[in-house]
2 protein chains.
Amino acid sequence: MAGRPQTVTVASHFGEQSLRRIEQAVRELSGGRVLYDKDLVAPPRWPGDTVGERDFRRSPQEQRRFLDLLGEAEVLLDFPRDVDAPLAEVAPGLRWVQGAMAGAGPVAREAGLLDTDVTVTTAGGVFSAQLAEFVLGAMLDHAKGFERLRANRKRRLWHEGAVGTLEGKTLCIVGTGSIGRAISHRARPFGMRLVGVKRTVREGDAGRAGVEEVYPTEKLREAVAEADYVAITLPHTPQTEGLVGREALSAMKPGVHVTNVGRGAVLDEAALVENLETGHVSGAALDVFAVEPLPPESPLWSFENVIVSPHATDNAPHVTEEKLVALFVRNLGRYARGEPLENELDKELLY
Amino acid sequence: MAGRPQTVTVASHFGEQSLRRIEQAVRELSGGRVLYDKDLVAPPRWPGDTVGERDFRRSPQEQRRFLDLLGEAEVLLDFPRDVDAPLAEVAPGLRWVQGAMAGAGPVAREAGLLDTDVTVTTAGGVFSAQLAEFVLGAMLDHAKGFERLRANRKRRLWHEGAVGTLEGKTLCIVGTGSIGRAISHRARPFGMRLVGVKRTVREGDAGRAGVEEVYPTEKLREAVAEADYVAITLPHTPQTEGLVGREALSAMKPGVHVTNVGRGAVLDEAALVENLETGHVSGAALDVFAVEPLPPESPLWSFENVIVSPHATDNAPHVTEEKLVALFVRNLGRYARGEPLENELDKELLY
């Protein structure tokens, strides 16, 4: 896969500055075209949002114009929404799709790209800092008892007592990819003991992941056994589905705190609820859920010690869009020079 | 000030393990005695608490026994509570007091030690990690909107929207001592721009404080002007009293977030309340107050976006006690060898 990009179609909303940056890159690399029509993509819900309003629908005429734009694409920035046909049929000249999400496997499958030779790159890394902030914030919120302080404030209650600390505690990071490394990087100066879990463990993995020790996924129960905090960062693949279930949860230390910023399907929510009810899990912070939006009847809404974040903690205005465009522009250069792209999706492993 | 410590009196509650560690150190250094009676000090409110129950009172007989223990002291671990006479009169042979608080200046003044040649050492550094965790936790809580998420959870409301981030934001650390450095160390990997404020600026101070730039206190308004977050870590001295007042607050950026883990008197609470009311300050997290406990009528209790912590975020079971005892044992060694002690209180500057 190589060549100077002739036609780049931008399939979701990007701001003017981003588009100018992409156009300039394409102009310099190939003199090719950038196709984009902001009226044909979902309007952003906040500055820098590429997903856009959920209830956005194109008229039949708009849909035809949108399919025309897609049809010319050699390169796509983001997977288009509400396109029923396989993407390789919609865009016969398609060579590469740069997704706007970190876990692009399921979307690539839905778009029918797994059995094609269209390259898919994910936005892995673009969201890592924001997700790591969520994890560190949730752990500190738990350790420092902010929820209790807020409740006491309402009652004007000055109640001194013991307060936790991250220092000296153990954090198990399940998934040592870009998000996991962003977490370990931020957790290290707090004086935590860090362990990681990854699919296959090779020499030097611990150092690369910024943790003291790495366990292979088969030893997940061993890895979480000593952890005061467990942070899940895994994408949804057949191997990760339900990975953190009853067995793993019961192997955890009583009072463990769990965060999930990977994909909802990795964590068995029914098992988590049971463990929250018994107090075996003392708190959780979830940015992802098996079904999104989280249904109103989910018991997860009912726990004082659970932070429910609507898969939005990476909705950082400008920051995300800038990082995504920077990645895309770097990849455009690599594409033009025939080099391997950053973040290429493994169509077997789906991440 | 030097010599082998002959009599060490422990004047507040310490656990058995701590006492054994102190006794062993004294035995090895001088063969001297350690005086301690747990019935004469306030019982701990949580494991490792040296302050103890606020309503603890000694009977007249207990008070006499306590004064006897103090009277023999050459070295005191912690300032004794409820002793009215100047400490140097109570303990004529007193040479050194190791305080259990970071900001020991006002306590040393109250004990009448400022005009004596009794050395006072503070527990500076012992609490820094815990206080830095509070600051980072409060900033992340603010950036990630945890308070809003908690309110939405109660309503089972899935509301996506923009979320803040620490990355790329500016943090101004007012006071670049041990607490300030603990904050900068933890904030750095979040990709924040860090600036510091200290009394006098010398070459290399920025590097030592782990910040990009250091301003002298006179330029406080300039230092805070670009900050999205301001963290106050200063002790209470005549120079710091009311330092962060109307002028400094109005020099801050609209929407600034303020934390205070130094001393309450450094921050003008009335001015803070005004700025919270107008929204100029978008949130605050306070572990210290001008009057403690914070009076029930204080308006600070009434803001949803203020975390009120009862000067207790450093109440970390075991962690604090272990660090304090480790410091004391190091200082006992220095004392025995006639070396300068760690954390010696400057009786002019009061920190």
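Computed from a predicted structure; not experimentally measured.

A.B. asks: Provide a residue-level description of the overall build of chain A, including the pertinent values.
C.D. replies: The helix and strand tally for chain A stands at twelve helices and twelve strands. With 351 residues in all, chain A has 55% of them scored as buried. Taking as baseline every contact in chain A between residues at least 6 positions apart, the subset at least 24 positions apart corresponds to 63%. Split by element, the accessible area of chain A, about 14300 Å² in all, is 49% carbon and sulfur. Of note, chain A has its 41 positive side-chain charges centred 5 Å away from the centre of its 50 negative side-chain charges.

A.B. asks: How would you sum up the packing of aromatic side chains? Please name residues and give values.
C.D. replies: Enumeration according to the criterion identifies eight aromatic pairs over all chains in this entry. Lying across the ring of Phe66(A), Arg58(A) places its NZ or CZ 3.6 Å from the centre. Taking NZ or CZ as reference, Arg186(A) lies 5.5 Å from the ring centre of Phe190(B), over its face.

A.B. asks: So what about the domain arrangement of chain A? Which residues, and what values?
C.D. replies: All names here are of chain A. As far as domains go, chain A holds domain 1 (7-125 + 316-336) and domain 2 (128-308). One C-alpha centre belongs to domain 1, the other to domain 2, and the line joining them spans 32 Å. Across the boundary between the two partners, domain 1 contributes nine residues, which contact six residues of domain 2. Each partner contributes to the roughly 520 Å² buried at the junction of domain 1 and domain 2, and carbon and sulfur atoms together form 47% of this total. Remark: the boundary between domain 1 and domain 2 carries three residue pairs in polar contact (both at pLDDT 80 or more).

A.B. asks: If you had to explain the sheet that holds strand E6 (residues 170-174) of chain B to someone new, which residues and values would you point to?
C.D. replies: Residues and elements named next belong to chain B. The seven strands are arranged E8-E7-E6-E9-E10-E11-E12 in an open sheet whose pairing can be described as parallel. Every other strand in the sheet has two partners, leaving strand E8 (213-216) and strand E12 (306-308) as the edge strands with one partner each. Neighbour to neighbour, the strand axes of the sheet diverge by 15° on average, direction disregarded.

A.B. asks: Help me get a handle on the relation of the copies chain A and chain B, residues and values and all.
C.D. replies: Note on the chain copies: they are related by a rotation about an axis and a translation along it. After a rotation of 180° and a shift along the axis of 0.0 Å, chain A superposes on chain B with an RMSD of 0.0 Å. Here the copies are linked by what is in effect a two-fold axis. Distance from the rotation axis, computed per C-alpha, reaches its smallest value in chain A at Gly137(A): 2.8 Å. The residues that chain A uses at the interface reappear at the interface of chain B in 100% of cases, marking a shared surface.

A.B. asks: Summarise the environment of Val41(B); cite the residues concerned and give the values.
C.D. replies: Residue and element names in this part refer to chain B. With respect to the helices and strands, Val41 occurs in the loop between strand E2 (33-35) and helix H2 (60-71). Taking the C-alpha atoms as reference points, Val41 and Leu136, 95 residues apart in sequence, are found 34 Å from one another. Contacts of Val41, omitting those with residues within four sequence positions, involve Ala11, Ser12, His13, Tyr36, Phe56 and Phe66.

A.B. asks: For the nonpolar core, give the residues involved together with the corresponding values.
C.D. replies: Of all hydrophobic cores here, the largest spans 102 residues; its most connected members are Leu171(A) and Leu171(B). Those residues in contact with Leu171(B), other than ones at most four positions away along the chain, are Met139(B), Ile183(B), Ala187(B), Met192(B), Arg193(B), Leu194(B), Val195(B), Tyr229(B), Val230(B) and Ala231(B). Ranked by size, the runner-up nonpolar core spans 36 residues in total, among them Val197(A), Ala251(A), Val273(A) and Phe289(A).

A.B. asks: Describe the sheet that holds strand E3 (residues 75-77) of chain B, with residues and values.
C.D. replies: Residues and elements named next belong to chain B. On the basis of which strands lie adjacent, the open sheet formed by five strands has the order E2-E1-E3-E4-E5 and parallel pairing. With partners counted over all chains shown, the strands left at the sheet margins are E2 and strand E5 (119-121), one partner each. Neighbour to neighbour, the strand axes of the sheet diverge by 15° on average, direction disregarded. Here strand E4 (residues 96-98) pairs with E5 via three bridges, running parallel. Its bridge partner lying in E5, Val97 is registered against Val120.

A.B. asks: Lay out unusual backbone geometry in plain terms, naming residues and giving numbers.
C.D. replies: Glu292(A) connects to Pro293(A) through a cis peptide bond whose omega is -5°. Structurally, Pro293(A) is set in the loop between strand E11 (281-286) and strand E12 (306-308). Within the chain, His311(B) stands out as a residue other than glycine whose phi angle is a positive 45°.

A.B. asks: Which residues make up helix H6 (residues 146-154) of chain B, and what values go with them?
C.D. replies: Along H6(B), the positions that sit buried rather than exposed are Phe146(B), Leu149(B), Arg150(B), Asn152(B) and Arg153(B). Projected onto a plane normal to the axis of H6(B), the buried residues spread over an arc of 165° and lie on a single side. Packing partners of the buried residues in H6(B) comprise helix H5 (128-144), helix H6 (146-154) and E12 of chain A together with helix H5 (128-144) of chain B.

A.B. asks: Could you give an account of the interface of chain A and chain B, naming the residues involved and the relevant values?
C.D. replies: Between chain A and chain B, the residue contacts involve 60 residues of the former and 60 residues of the latter. In total, chain A and chain B occlude about 5400 Å² of area from one another, counting both sides; carbon and sulfur atoms represent 59% of this. The interface formed by chain A and chain B contains twelve salt bridges. Arg153(B) is the salt-bridge partner of Glu304(A), the closest N and O atoms lying 3.7 Å from each other. Scanning the region where chain A abuts chain B turns up 30 residue pairs in polar contact (both at pLDDT 80 or more). At the level of secondary structure, the elements contributing two or more residues to the side of chain A that touches chain B comprise H5, H6, helix H7 (178-187), E12 and helix H12 (319-336) of chain A. When residues in the side of chain A that touches chain B are grouped by element, the largest group, ten residues, is from H5(A). When its residues are assigned to classes, the side of chain A that touches chain B shows 29 nonpolar, 14 polar and 17 charged.

A.B. asks: Which residues make up the pattern of salt bridges, and what are the values?
C.D. replies: Opposite charge on two side chains permits pairing when their charged atoms draw close. Residue and element names in this part refer to chain A. Taken as a whole and judged by the stated rule, the model has 46 salt bridges over all chains. Between Arg246 and Asp268 there is a salt bridge, and its shortest N-O distance comes to 3.9 Å. With Arg246 in helix H10 (residues 246-251) and Asp268 in the loop between strand E10 (256-260) and helix H11 (269-278), the pair connects residues that are 22 residues apart, well separated along the chain. The exposure class of Asp268 is partly exposed, given its relative accessible area of 25%.

What counts, and where the lines are drawn
- Residues numbered from 1 in each chain as written.
- Chains lettered and ligands numbered in written order.
- Predicted model: local features only at pLDDT ≥ 70, side-chain atom pairs only at ≥ 80, totals over all residues.
- Heavy atoms only, no water.
- Helix = DSSP H or I, 4+ residues; strand = E, 2+ residues; numbered from the N terminus.
- Buried < 20%, exposed > 50% of the residue type's maximum accessible area, 1.4 Å probe, protein only.
- Contact = heavy atoms within 4.5 Å.
- Areas by Shrake-Rupley, 256 points an atom, 1.4 Å probe, with all protein chains shown as cover.
- Lys, Arg positive; Asp, Glu negative; His and termini not counted.
- Charge placed at Lys NZ, Arg CZ, Asp CG, Glu CD.
- Phe/Tyr/Trp six-rings, centres within 6.5 Å; stacked < 30°, edge-to-face > 60°.
- Lys NZ or Arg CZ within 6 Å of the ring centre and 35° of its normal.
- Domains from an automatic or database assignment.
- Buried area = accessible area lost by both parts, 1.4 Å probe.
- Polar contact = N/O pair within 3.5 Å; in protein donor to acceptor, adjacent residues only side chain to side chain.
- Pairing = 2+ DSSP bridges.
- Axes fitted to C-alpha atoms, helices over the stretch in contact; angles between N-to-C directions.
- Least-squares fit on C-alpha atoms with pLDDT ≥ 70 in both.
- Core = buried A, V, L, I, M, F, W, Y, C linked by side-chain atoms within 4.5 Å.
- Arc of directions from axis to C-beta.
- Salt bridge = Lys/Arg side-chain N within 4 Å of Asp/Glu carboxyl O.
- Nonpolar A, V, L, I, M, F, W, Y, C, P; charged D, E, K, R; others polar.

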